[in-house]
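Chain by chain, the residues:
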Amino acid sequence: TIEFDASTQVTTMTVKAYSPEDARQLNERLLQSSEQLINRLSERGRVDAIQSAQAQVDKARTAARNATVALAQFRNSSGVIDPEKQAEINLQMVSKLQDALISERAQLAQLELYTPRNPQLPVIRTRIKTIQQEIVQLAGNTAGTPRSLSATAARYQQLQFDAEFAGKQLAT
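Predicted model only: the values in this text are computed from it and were never measured. (Residues numbered from 1 in each chain as written. Predicted model: local features only at pLDDT ≥ 70, side-chain atom pairs only at ≥ 80, totals over all residues. Heavy atoms only, no water.)

Asker: I'd like to hear about the pairing of strand β2 (residues 10–13), residue by residue, with values.
Answerer: Across four bridges, strand β1 (residues 2–5) lies against β2 in antiparallel orientation. Each bridged residue has a counterpart across the sheet, and for E3 the counterpart in β2 is T12. (Pairing = 2+ DSSP bridges. Helix = DSSP H or I, 4+ residues; strand = E, 2+ residues; numbered from the N terminus.)

Shown next, in the form of structure tokens:
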């Protein structure tokens, strides 16, 4: 007979046989069979756990690889490694150009005031126009157009997040 106590999770087996020796041998055989069954179940569980873990690692590796490839493709197609850093550089250049524009305008104003027929006046006016065009071009590359750095930054940030997330999943 077999009895199971749910509160203690203990199973008790009682064997009746013609002799105590027969009962002992039967108990030993049943115990060996039970141990073999438990060992097979444990091995199956261990193999399943390893396979599941390997599948998760493979999936994370594939996701990390795909995210890295997507980020590289974006960088190649947009021609920009990091839109945020490039935008920062562009804004610094705009700031320097604005400083130069202020200086050129001040020089133009002085020359017009003190020497209105100075042969440098057309040169300075041309420099002012060139600087203004550069400012407009850099500002347009940074923000305000569909191909500007600010427009590509959102896609870049998503791809960067995906790559970082996939890398962290692979690490854990």
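Asker: Can you break down the packing of aromatic side chains residue by residue, with the values?
Answerer: Considering all chains together, one arrives at two aromatic pairs under this definition. When the centroid spacing of 6.1 Å and the interplanar angle of 40° are considered together, the rings of F74 and Y156 count as tilted. Within this pair, whereas F74 is found in helix α1 (residues 20–78), its partner Y156 is found in helix α4 (residues 149–171), the two being separated by 82 residues in sequence. The burial state of F74 is the same as that of Y156; both residues are buried. When the centroid spacing of 5.9 Å and the interplanar angle of 20° are considered together, the rings of F161 and F165 count as stacked. Here F165 and F161 lie together in helix α4, a separation of four residues that amounts to about one turn. For F165, a relative accessible area of 45% gives the class partly exposed. (Phe/Tyr/Trp six-rings, centres within 6.5 Å; stacked < 30°, edge-to-face > 60°. Buried < 20%, exposed > 50% of the residue type's maximum accessible area, 1.4 Å probe, protein only.)

Asker: How would you sum up α4? Please name residues and give values.
Answerer: Look at α4: 31 Å from first C-alpha to last across 23 residues, which is about the 33 Å you get at 1.5 Å a residue. Listed in full, the buried residues belonging to α4 are L149, T152, A153, Y156, L159, A163 and A166. On its buried side, α4 packs onto α1, α2 (83–114) and α3 (121–142). (Expected span 1.5 Å × (residues − 1). Contact = heavy atoms within 4.5 Å.)

Asker: Account for unusual backbone geometry, with residues named and values stated.
Answerer: Its identity is not glycine, yet Q9 carries a phi of approximately 60°, on the positive side. When you line up the elements, Q9 lands in the loop between β1 and β2.

Asker: I'd like a rundown of the nonpolar core, residues and numbers included.
Answerer: If you look at the biggest cluster of nonpolar residues, it comprises 11 residues: V94, L97, L101, L108, L111, L121, I124, I128, I131, I135 and L138. For this core, the secondary structure elements donating two or more residues are α2 and α3. Counting residues per element, this core draws most heavily on α3, which supplies six residues. With residues near it in sequence (within four places) discarded, L97 still touches I131, E134, I135 and L138. Core analysis: the next-biggest nonpolar cluster, separate from the first, contains eight residues, L71, L159, A163 and A166 among them. (Core = buried A, V, L, I, M, F, W, Y, C linked by side-chain atoms within 4.5 Å.)

Asker: An account of a nonpolar patch on the surface is requested, with residue identities and associated values reported.
Answerer: The grouping of I2, M13, L26 and L30 at the surface amounts to a nonpolar patch, some 350 Å² of accessible area in total. Relative to the elements of secondary structure, I2 occurs in strand β1. (Patch = residues over 30% accessible without salt bridge, like charges linked within 9 Å, V, L, I, M, F, W, Y side chains within 5 Å. Areas by Shrake-Rupley, 256 points an atom, 1.4 Å probe, with all protein chains shown as cover. Salt bridge = Lys/Arg side-chain N within 4 Å of Asp/Glu carboxyl O.)

So yeah, pure geometry; function would need other evidence.
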